[in-house]
Amino acid sequence: DAKTTQPNSMESNEEEPVHLPCNHSTISGTDYIHWYRQLPSQGPEYVIHGLTSNVNNRMASLAIAEDRKSSTLILHRATLRDAAVYYCILRDVSSSNTGKLIFGQGTTLQVKP
Amino acid sequence: EAQVTQNPRYLITVTGKKLTVTCSQNMNHEYMSWYRQDPGLGLRQIYYSMNVEVTDKGDVPEGYKVSRKEKRNFPLILESPSPNQTSLYFCASSLHELAKNIQYFGAGTRLSVL
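These numbers were taken from a predicted model, which means no experiment stands behind them.

### Concerning the layout of surface pockets
For step 1, the next point in the chain: The calculated volume of the largest pocket comes to roughly 700 Å³.
For step 2, the next point in the chain: What lines the largest pocket is a set of 25 residues, among which Gln42(A), Pro44(A), Glu45(A), Glu1(B) and Phe105(B) lie closest to the centre.
For step 3, the next point in the chain: For the lining of the largest pocket, the element with the highest residue contribution is strand 4 (residues 44-50) of chain A, accounting for four residues.
For step 4, the next point in the chain: The space that makes up the second largest pocket amounts to roughly 370 Å³.
For step 5, the next point in the chain: Gln38(A), Tyr87(A), Gln37(B), Asp38(B) and Pro39(B) are the residues nearest the centre of the second largest pocket, which is lined by 21 residues in total.

### Description of a nonpolar patch on the surface
All names here are of chain B.
For step 1, the next point in the chain: Nonpolar side chains collect at one region of the surface, where Ile12, Val14 and Leu114 lie side by side and expose about 330 Å² of accessible area between them.
For step 2, the next point in the chain: Here isoleucine 12 lies in strand 2 (residues 10-13).
For step 3, the next point in the chain: Take isoleucine 12: its relative accessible area is 62%, and that puts it in the exposed class.

### Notes on the nonpolar core
For step 1, the next point in the chain: Core analysis: the largest hydrophobic core is formed by 21 residues, its most contacted members being Leu20(A), Ile33(A), Trp35(A), Leu73(A), Leu75(A), Tyr86(A) and Leu109(A).
For step 2, the next point in the chain: Of all the secondary structure elements, the ones that give two or more residues to this core are strand 2 (18-23), strand 3 (31-38), strand 4, strand 6 (61-64), strand 7 (70-75), strand 8 (84-92) and strand 9 (107-112) of chain A.
For step 3, the next point in the chain: Considering every element that reaches this core, the biggest residue donor is strand 8 of chain A, with four residues.
For step 4, the next point in the chain: Formed by 19 residues, the second largest nonpolar core is a distinct cluster that contains Cys23(B), Tyr47(B), Tyr64(B) and Leu111(B).

### Quick word on the packing of aromatic side chains
For step 1, the next point in the chain: Tallying each qualifying case throughout the model produces six aromatic pairs over all chains.
For step 2, the next point in the chain: With 5.9 Å between their ring centres and 65° between their planes, Tyr64(B) and Tyr89(B) make a pair best called edge-to-face. Placement of the pair is Tyr64(B) in the loop between strand 6 (54-57) and strand 7 (65-66) and Tyr89(B) in strand 9 (residues 87-94), with a sequence separation of 25 residues. Just as Tyr64(B) is buried, Tyr89(B) falls in that class too.
For step 3, the next point in the chain: Connected via pairs of aromatic rings, a cluster forms that spans Tyr36(A), Tyr46(A), Tyr35(B), Phe90(B) and Phe105(B).
For step 4, the next point in the chain: The ring of Phe74(B) has Arg68(B) sitting right over it, with the charged end atom 6.0 Å from the ring centre.

### A look at the interface of chain A and chain B
For step 1, the next point in the chain: Taken together, the contact between chain A and chain B spans 20 residues of the former and 20 residues of the latter.
For step 2, the next point in the chain: Summed over both partners, the interface of chain A with chain B comes to about 1,600 Å²; 49% of that surface belongs to carbon and sulfur atoms.
For step 3, the next point in the chain: At the junction of chain A with chain B, the criterion picks out two residue pairs in polar contact (both at pLDDT 80 or more).
For step 4, the next point in the chain: Those elements giving two or more residues to the side of chain A that touches chain B turn out to be strand 3, strand 4 and strand 8 of chain A.

### Considerations on the sheet that holds strand 5 (residues 55-56) of chain A
All names here are of chain A.
For step 1, the next point in the chain: Taking strand neighbours across the sheet as the criterion, the four strands line up as 2-7-6-5 in an open arrangement whose pairing is antiparallel. Bordering the open sheet on either side are strand 2 and strand 5, each of which pairs with just one other strand.
For step 2, the next point in the chain: Here strand 6 pairs with strand 7 via four bridges, running antiparallel. Bridge pairing in strand 7 links isoleucine 64 to serine 71.

What counts and what doesn't
Residues numbered from 1 in each chain as written. Chains lettered and ligands numbered in written order. Predicted model: local features only at pLDDT ≥ 70, side-chain atom pairs only at ≥ 80, totals over all residues. Heavy atoms only, no water. 1 Å grid on protein atoms, 1.4 Å probe; cavity = no way out; pocket = protein on both sides within 12 Å on 5 of 7 lines; lining within 4 Å. Points joined across faces, edges and corners; volume = space filled by probe spheres on them. Helix = DSSP H or I, 4+ residues; strand = E, 2+ residues; numbered from the N terminus. Patch = residues over 30% accessible without salt bridge, like charges linked within 9 Å, V, L, I, M, F, W, Y side chains within 5 Å. Areas by Shrake-Rupley, 256 points an atom, 1.4 Å probe, with all protein chains shown as cover. Salt bridge = Lys/Arg side-chain N within 4 Å of Asp/Glu carboxyl O. Buried < 20%, exposed > 50% of the residue type's maximum accessible area, 1.4 Å probe, protein only. Core = buried A, V, L, I, M, F, W, Y, C linked by side-chain atoms within 4.5 Å. Phe/Tyr/Trp six-rings, centres within 6.5 Å; stacked < 30°, edge-to-face > 60°. Lys NZ or Arg CZ within 6 Å of the ring centre and 35° of its normal. Contact = heavy atoms within 4.5 Å. Buried area = accessible area lost by both parts, 1.4 Å probe. Polar contact = N/O pair within 3.5 Å; in protein donor to acceptor, adjacent residues only side chain to side chain. Pairing = 2+ DSSP bridges.

Listed below in structure tokens is the structure:
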């Protein structure tokens, strides 16, 4: 799986939007971009994924650059419950593999009241 | 409620005493997997299962066993636990192989082996 680069940490104020960046300059044409998050003392939680177009769901939005070398997870209004480690992962659906998810260091998001 | 349930959540045991961590999902998922999470090492896959009676090794299978006799259950067995198996364990499931990139995780089992 191609490598991703994320900032180690970010801060946000409650009720404000948060933009979490991810660089993936070696992404291949069949790699999907997935985001997971891990809240304190909990298992990882799927957030969103996309291939080329921007995606929205009830949790977040995913903005994908036109060249697909970077993407941004957008939390529209951060709450204290959004404080977590956010992981950007590339997955090639077309290849046969073990299904293992490789979580890098991720971005630790702190949300201030 | 759709969920992956692990038990126990916390376990302290001694070296050599066999233990089983259970994992159950109520979503009729075909794919299930076990990970361990250690500081600085991220999540590492132990074993996975594509369907009933189909299991295979992940990256760190030594010292662990699994079984998949029913679709909903995927227990992790430590026949003779050792201190280096002290870790945080997660079970995960997904609908089927083609959807295995969207995985649902349990809350975790924190194991200490003394």
